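Structural description and commentary
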Amino acid sequence: MILDERLIKTVPSERQIKHQQLEFYAFIHFTVNTFTDREWGDGKESPDIFAPSKLDPEQWVLSVKSAGMRGLILTCKHHDGFCLWDTKLTAHNVMNSPCGRDIVRETADACKKQGIKFGVYLSPWDRNSPLYGRGSEYDDFFVGQLTELLTGYGEVFSVWFDGACGEGENGKKQYYDWERYYAVIRRLQPDACISVCGPDVRWCGNEAGHTRAAEWSVVPERAKDSEIISEKSQHEDSEEFRQREVNARDSDLGSRDILRGEERLIWYPAEVNTSIRPGWFWHESENDKVRPLAELADIYMKSVGGNATFLLNVPPTNEGLIHENDVKRLYELGGFLRRTFAENILPSTALSCENAAGGHGIENVLEDSYDSFFMPTSPRTEVTLTFGKPEKLGCLVLKENIRMSQRIESFAVEVRENGVFRRVYSGTVVGYKRIVPLGGVVTDCIRISISDSRTQPTLSFIGAYRQGQ
Ligand code: FUL
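Cut-offs used in this document
Residues numbered from 1 in each chain as written. Predicted model: local features only at pLDDT ≥ 70, side-chain atom pairs only at ≥ 80, totals over all residues. Heavy atoms only, no water. Pairing = 2+ DSSP bridges. Helix = DSSP H or I, 4+ residues; strand = E, 2+ residues; numbered from the N terminus. Contact = heavy atoms within 4.5 Å. Axes fitted to C-alpha atoms, helices over the stretch in contact; angles between N-to-C directions. Buried < 20%, exposed > 50% of the residue type's maximum accessible area, 1.4 Å probe, protein only. Parallel < 35°, antiparallel > 145°, perpendicular 65-115°, else oblique. Left-handed = near helix turned anticlockwise from the far one by under 90°. Core = buried A, V, L, I, M, F, W, Y, C linked by side-chain atoms within 4.5 Å. Phe/Tyr/Trp six-rings, centres within 6.5 Å; stacked < 30°, edge-to-face > 60°. Lys NZ or Arg CZ within 6 Å of the ring centre and 35° of its normal. Arc of directions from axis to C-beta. Domains from an automatic or database assignment. Buried area = accessible area lost by both parts, 1.4 Å probe. Salt bridge = Lys/Arg side-chain N within 4 Å of Asp/Glu carboxyl O. Polar contact = N/O pair within 3.5 Å; in protein donor to acceptor, adjacent residues only side chain to side chain. Nonpolar A, V, L, I, M, F, W, Y, C, P; charged D, E, K, R; others polar.

This part covers the sheet that holds strand β2 (residues 71-77). In a beta sheet, neighbouring strands are held together by backbone hydrogen bonds and run either parallel or antiparallel to one another. Spatially, eight strands are ordered β5-β4-β3-β2-β1-β10-β9-β6 in an open sheet, and the strand pairing comes out parallel. One side of each edge strand has no neighbouring strand; the edge strands of this open sheet are β5 (193-196) and β6 (202-203). Sheet analysis places β2 next to strand β3 (residues 117-122), joined by six bridges and oriented parallel. By the bridge assignment for β3, K77 is matched with L122. Against the sheet, helix α2 (residues 14-22) contacts β1 (24-28), β3, β4 (158-161), β5, β9 (270-275) and β10 (308-313), and its axis sits at roughly 60 degrees relative to β5. In this fold helix α7 (residues 178-188) packs onto β4 and β5, with an angle of close to 165 degrees to the strand it touches most, β4.

What follows is the structure in structure tokens.
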């Protein structure tokens, strides 16, 4: 019955599960670029220009929290090499600027105080360091930077590396010793995920917020080496890149056909990263270009609701605050999510299913936990949700027990109207979470049919939500 043992033996690590459960978290891009109106600095900027007059990392944290985000990743050092913390390894840092405050410390503390996770972006490409391009001398310096960040600022949930690798101030390129960097991170922060240029979280392949209809978490190991996703991130400072979508060749990374014949499979879940504005850094000219609520809500539904996580960048201004237009949009997004998922009506719904395996009955989907889950005796099954009266529904949420890998490959949702079932959705991946939009359909009964699965499918949770007001 099992299609291929290796497929379902490929499961997430605990750190990957914890990371995926964060679902939605913020990127904060802030450095000298904020003051030069550029996207990439050249490393020659004077620390004197870094002078935010109203710097308030707690305002950043409160703003992103209002959108429902559960973590924040700060650009501790971008390609320009300017460090936002009190580092002993280079003078090119915030303590030698008019700001004079350890921004990494203040941000990590604000996250802790407000109960969200803190993560670090540290650019391996460093256009300021004279050591860059000098092999292990630079690796020592970079490992020293990692060590400061991973030992001095409390728990870190993500170490986010992009793949940009240009020339340093001496005109040379550096060949990064990734394995050495990874070993340091594992030793100092074993629970942190190493994202994008790392083994734990996969870049979705674009920076525009474009999502795949089928985003698999079990993929060939080759996905780690950029062979499938041709670039791990932006390699040139171009707006065109930031808007680029996934190309067709990359649209399916893990279907049964793709995995067939692959020797090594890994659990490598996707993260969708994009900015709330056109740029990663703040530009005054983009204050009126904050993305509309509908667009952000759509990316949320298709990323978090499409078996990926959502990393949304919100850049502070040169005053050191999130701009009021972004603050407003984040709050609106939070409101939209609170309304959309206000009440799960499943507990007062009659549930029935075909062929539940012993101990894995359908009632287990009421509790959102991997300890109790529904599992039928065969790869196909049908689950029926019968409401006491017609309900106007906004969406349905399905979750697999990913501790047992992802198994579902094909499913459909039908709604009953005037006694007749009508198919409103058909899909492939469920994985960690699938949000099925129902668009306000009025129905007294929903049928979920799983028509294909790698072996007996699991559902750890089902939620049904009324249309938000
Ligand atoms: C890329 C960088 O070049 C961009 O500036 C930005 O930081 C993005 C998230 O990653 O590789």
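Quick look at the pairing of β1 now. Most of β1 sits out of view: five of its five residues are buried. Of the strand pairs in this sheet, β1 and β10 are connected by four bridges, and their pairing is parallel. Looking across to β10, one finds that F27 is bridged to N313. As defined by bridge partners, β1 adjoins β2 across three bridges and the pair is classed as parallel. Note on β2: the bridge partner recorded for A26 is L72.

In the contact formed by helix α6 (residues 136-152) and α7, the axes pass within 10 Å of each other and the chain directions differ by 20 degrees. Here α6 lies roughly parallel to α7, going by the angle between them. Once α6 is placed against α7, the crossing between them reads as right-handed. Contacts from S136, D139, D140, F142, V143, L146, T147, L150 and T151 in α6 reach R180, Y181, V184, I185 and L188 in α7.

On to the nonpolar core, then. With 77 residues, the main nonpolar core has F24, L74, I103 and F161 as its most contacted residues. Per-element tally for this core: the top contributor is α6, with seven residues. Dropping the residues within four chain positions of it, F24 is found in contact with A67, G68, M69, R70, G71, Y300, V304, F310, L312, L333 and L337. By size, the runner-up hydrophobic cluster in this structure holds 26 residues, among which are F374, F387, L396 and I462.

Further remarks concern the packing of aromatic side chains. Pairs of aromatic rings are described using the distance from one ring centre to the other and the angle between the two planes. The full count for this structure, using the stated rule, is 26 aromatic pairs. Ring centres of Y132 and Y176 lie 6.4 Å apart, and the angle between their planes is 65 degrees; on these two criteria the pair is classed as edge-to-face. With a gap of 44 residues between them, Y132 in the loop between β3 and α6 and Y176 in the loop between β4 and α7 connect regions that are remote in the sequence. Here R338 stacks its cationic end above the ring of Y331, 5.6 Å away from the centre of that ring.

All right, on to α7 then. For α7, the full list of buried residues reads Y181, Y182, V184 and I185. Around the axis of α7, the buried residues are gathered within 160 degrees of arc, so they sit on the same side. In this structure, α7 carries E179 and R187 as exposed residues pointing more than 90 degrees from its buried face. In this structure, the buried side of α7 is in contact with α6, β4 and β5.

Moving on, we come to helix α4 (residues 57-66). Along α4, seven of the 10 residues are buried, which leaves the element largely enclosed by surrounding structure. For α4, the complete set of buried residues consists of P57, Q59, W60, V61, S63, V64 and S66. Those residues of α4 that are buried lie in contact with β1, β2, α5 (103-114) and α11 (324-340).

A common way to express how large an interface is: the accessible area buried when the components associate. Taken domain by domain, the protein holds domain 1 (2-340) and domain 2 (346-466). Each partner contributes to the interface: domain 1 provides 30 residues, whereas domain 2 provides 24 residues. In total, about 2,200 Å² of surface goes out of reach between domain 1 and domain 2, with carbon and sulfur atoms giving 54% of it. The largest contributions to the domain 1 side of the interface with domain 2 come from I8, W216 and R256, which together make up 24% of the buried area. Counting across the domain 1 and domain 2 interface gives four salt bridges. As a salt-bridge pair, D452 and R256 come within 3.1 Å of each other at their nearest N and O atoms. Inspection of the domain 1/domain 2 interface yields 14 residue pairs in polar contact (both at pLDDT 80 or more). Listing elements by their share of the side of domain 1 that touches domain 2, those giving two or more residues are α1 (5-9), α2, α9 (256-259) and α10 (293-303). No other element matches the four residues that α2 contributes to the side of domain 1 that touches domain 2. Tallied by class, residues from the side of domain 1 that touches domain 2 come to 16 nonpolar, 10 polar and four charged.

What follows is about the environment of R101. Considering the arrangement of structural elements, one finds R101 in the loop between β2 and α5. Residue class for R101 comes out partly exposed when judged on its relative accessible area of 32%. Residues R101 and W216 lie 115 residues apart in sequence; the distance between their C-alpha atoms is 42 Å. Beyond its immediate chain neighbours, meaning those up to four positions away, R101 contacts L55, P57, L84, V94, M95 and E106. There is a polar contact of 2.8 Å between the side chain of R101 and the side chain of E106.

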